[in-house]
Structures are given as structure tokens and as C-alpha cells.
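Coordinates in review
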Amino acid sequence: MLNILLVAAIVVTFVWYFYFKTKQFRTPLPIRKKWLGAKASVCLGAFLLFFGINFLIIYQSSVTYIVAGLFILLGGYFTYHNVKVAKHYGQFVEEELSINQ
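Residues numbered from 1 in each chain as written. Predicted model: local features only at pLDDT ≥ 70, side-chain atom pairs only at ≥ 80, totals over all residues. Heavy atoms only, no water.

If you look at the biggest cluster of nonpolar residues, it comprises nine residues: Y17, F20, W35, L36, A38, A40, C43, A86 and V93. At the level of secondary structure, the elements contributing two or more residues to this core comprise α1 (2-26), α2 (30-58) and α3 (62-99). Aside from chain neighbours lying at most four places away, what touches A38 is N82, V85 and A86. (Core = buried A, V, L, I, M, F, W, Y, C linked by side-chain atoms within 4.5 Å. Buried < 20%, exposed > 50% of the residue type's maximum accessible area, 1.4 Å probe, protein only. Helix = DSSP H or I, 4+ residues; strand = E, 2+ residues; numbered from the N terminus. Contact = heavy atoms within 4.5 Å.)

Okay, structure coming up:
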């Protein structure tokens, strides 16, 4: 059951990553572009985190512990750091939109 939930989370975060990346490439506004890039990186970090946890559950070996631990640490760091970046740029998105219209 846990494996199914993790696979669903992996697929959802991967789809959201491509959604935000596509929106990032299509927008002409620079702050909005950085904000969408940070949101895409949050999804990529969550993808790595869930993938590492799933990898750890499925395979049990010493190499798996090292690789999964690396994925979990990198995914956690990317998620944490880019949530802060997205909050920072999110403050200025509405202002930028009102200035450029």
C-alpha cells in the first residue's frame, strides 16, 4: 500500500514539475519566471525525496541505502530551499503583474 502511494506521489510531482517548467518558459515576466522556476524545483525536490524513499523500501542492500540516502538528502534540501525561494518571489508576482499591464 505504501509503495502505491509513493509511486502516485512520484508521478504527481513529476507531472507538476513539467507543468511549472512549461509555464516558466512561456512567461515573459522575469520575477514570475523565477517564481515558477522555484515552484518547479520544489516539485523536483519532492520527486527525488519520494523516489529515494520508494527505492529504499523496494530494494534492501548497502548500495541502496547509500543511493537512497543521497536522494532523500538532496530532495529534502531542494524542497526546503526552493519553498523559501518561491515564498520570496511570490511576494512580488502580483506587483510585477500590475506594473506590466
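Having seen the structure, we can now continue with the description.
This part is about the packing of aromatic side chains. Under the criterion given, the structure shown has 11 aromatic pairs. An angle of 85 degrees between the planes, with centres 4.9 Å apart, marks the rings of F14 and F18 as edge-to-face. Of this pair, F14 and F18 both sit in helix α1, four residues apart, which is roughly one turn of the helix. Between F14 and F47, the aromatic rings sit 5.3 Å apart at their centres with planes inclined by 40 degrees, giving tilted as the arrangement. Remark: F47 occurs in helix α2 and F14 occurs in helix α1; sequence separation between them is 33 residues. For F14, a relative accessible area of 36% translates into the label partly exposed. Pairwise contacts between aromatic rings join F14, Y17, F18, F47, F51, F55, Y59 and F71 into one cluster. (Phe/Tyr/Trp six-rings, centres within 6.5 Å; stacked < 30°, edge-to-face > 60°.)

Remember that the coordinates give geometry; whether it matters functionally is a separate question.
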